[in-house]
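The primary structure of each chain is shown beneath.
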Amino acid sequence: MWCRRLACLFKVPCRLSGSTRHRSPWLPGDRRTVLAAAACWHHTAPESLKCAWQLHGDHLELRYANTLMRFDFVWLRDHCRSASCYNAKTNQRSLDTASVDLGIKPKAVRVDETTLFLTWPDGHVTRYGLEWLVKNSYEGQKQQVMHPRILWNADIYRQAQVPSVDCQSFLETDEGLKEFLQNFLLYGIAFVENVTPTKEDTEILAERVSLIRETIYGRMWYFTSDFSRGDTAYTKLALDRHTDTTYFQEPCGIQVFHCLKHEGTGGRTLLVDGFYAAEQVLRQAPDQFELLSKVPLKHEYVENVGDCHNHMIGVGPVLNVYPWNNELYLIRYNNYDRAVINTVPYDVVHRWYAAHRTLTTELRRPENELWVKLKPGKALFVDNWRVLHGREAFTGYRQLCGCYLTRDDVLNTARLLGLQA
């Protein structure tokens, strides 16, 4: 259904798994004709139902582990893992893809209970494990998620009783770091307790999981209400829920907050799971979800304060999804920094406003708001691609420090510890 909606939006036919009613725009020929001319199913054994295959004019069809897969012949040649085609030491392709004949077809095909064997016209033999094919096929990827998550509102998060990780365990043990990263990957937020309340110690904390991303705000920043920057955040005013750096072409992936001092009242931090809210929109108004995932917007940051002179523009939809499995991976939501909407035609913009209103309503539901009082010694890591943050107004002197982290390095650290990221 989702694929069909995308196709209608772009006015092009879509390729549906298991369907032959639509002609694929990126594969030549009519699949119905190909299927009609296909040979019968071949089985690894006469009575075997575990694995079967058919050879078609332009692709191989393989049924294994309850998954029906279709592999283009060029794809099968390009992904060969033989020693002459792939460097197993560096995990890099050695084969020159541009040298593969686009009309290539295997000379012989054989499948046993675990392996697919393809012999090509030049005599080269390619071997694929069937489990590898299920994992790496388009059909297999559609059934998987890139990043397992637990979507939450305030009650769900509180009931989960997600523990904070002690600073010493976080810094000195793989177990502590892994527990922290698992919490972060699942919920999009994670806390470290008993951190010495200094900028230097917060920097050491951040570097445990990632390289620090230096931006126009510097490497490590102090955050006070002195209006030293041209941003509402540098005031004592309340801040509505938002994601940061929407005006970057690639918004910063992770943000670290550490309250070093607060002599006054108020100032609680607001956290909202943007993916939870987006999921409610998808269920209630899938067409509006689709519109939010396709309409490109500009976000803009213009600053001329003191020595700070910046003009940043980032472009992208509010919701970003992987096209093969519709998994949401980034929300870009900041009403403060959204620029003039001049990338949307008049006959779409009103529908976009309605969709934006639906998402905003979900984001502002009180039951979705998690309020946290940041105190010296408790550092907060926020997934800026998923969780929106805000702040209530405050009095007195309040000082925070923090930084942005490179998303790739955080995920790299998690994968090296055996987590799916």
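Rules and cut-offs
- Residues numbered from 1 in each chain as written.
- Predicted model: local features only at pLDDT ≥ 70, side-chain atom pairs only at ≥ 80, totals over all residues.
- Heavy atoms only, no water.
- 1 Å grid on protein atoms, 1.4 Å probe; cavity = no way out; pocket = protein on both sides within 12 Å on 5 of 7 lines; lining within 4 Å.
- Points joined across faces, edges and corners; volume = space filled by probe spheres on them.
- Helix = DSSP H or I, 4+ residues; strand = E, 2+ residues; numbered from the N terminus.
- Nonpolar A, V, L, I, M, F, W, Y, C, P; charged D, E, K, R; others polar.
- Core = buried A, V, L, I, M, F, W, Y, C linked by side-chain atoms within 4.5 Å.
- Buried < 20%, exposed > 50% of the residue type's maximum accessible area, 1.4 Å probe, protein only.
- Pairing = 2+ DSSP bridges.

For the rest of this paragraph, the subject is empty space enclosed by the protein. Evaluation of the coordinates by the stated rule reveals six cavities of 30 Å³ or more. Lining the largest cavity are His147, Pro148, Arg149, Phe184, Leu185, Asp383, Arg386, Arg407, Leu411 and Gln420. Only helix H8 (174-187) and helix H13 (407-416) provide two or more residues apiece to the lining of the largest cavity. Among the residues making up the lining of the largest cavity, the classes are represented as four nonpolar, two polar and four charged.

Next up on the list: the nonpolar core. Phe170, Phe180, Leu181, Phe381 and Leu405 are the most contacted members of the largest nonpolar core, which has 28 residues in total. Broken down by secondary-structure element, the contributors of at least two residues to this core are helix H7 (167-172), H8, strand S11 (189-193), helix H9 (199-207), strand S15 (254-263), strand S22 (379-383), strand S24 (397-405) and H13. Residues Trp152, Trp221, Leu380 and Leu400 belong to the second largest nonpolar core, which totals 25 residues.

So, about the pairing of strand S16 (residues 269-273). A regular strand places its side chains on the two faces of the sheet in alternate fashion. Along S16, five of the five residues are buried, which leaves the element largely enclosed by surrounding structure. Covered by surrounding structure in S16 are Thr269, Leu271 and Asp273 together with Leu270 and Val272, the residues of both alternating faces. Pairing between S16 and strand S21 (residues 370-372): three bridges, direction antiparallel. Bridged to leucine 270 within S21 is tryptophan 371. As judged from the five bridges shared by S16 and strand S23 (residues 387-391), these two strands associate in the antiparallel manner. Note that in S23 the partner of leucine 271 across the bridge is histidine 389.

The residue isoleucine 204 is located in helix H9 in this model. Taking relative accessible area as the criterion, isoleucine 204 reaches 46% and is therefore assigned partly exposed. Here the alpha-carbon distance between isoleucine 204 and leucine 171, two residues 33 residues apart in the chain, equals 8.6 Å.

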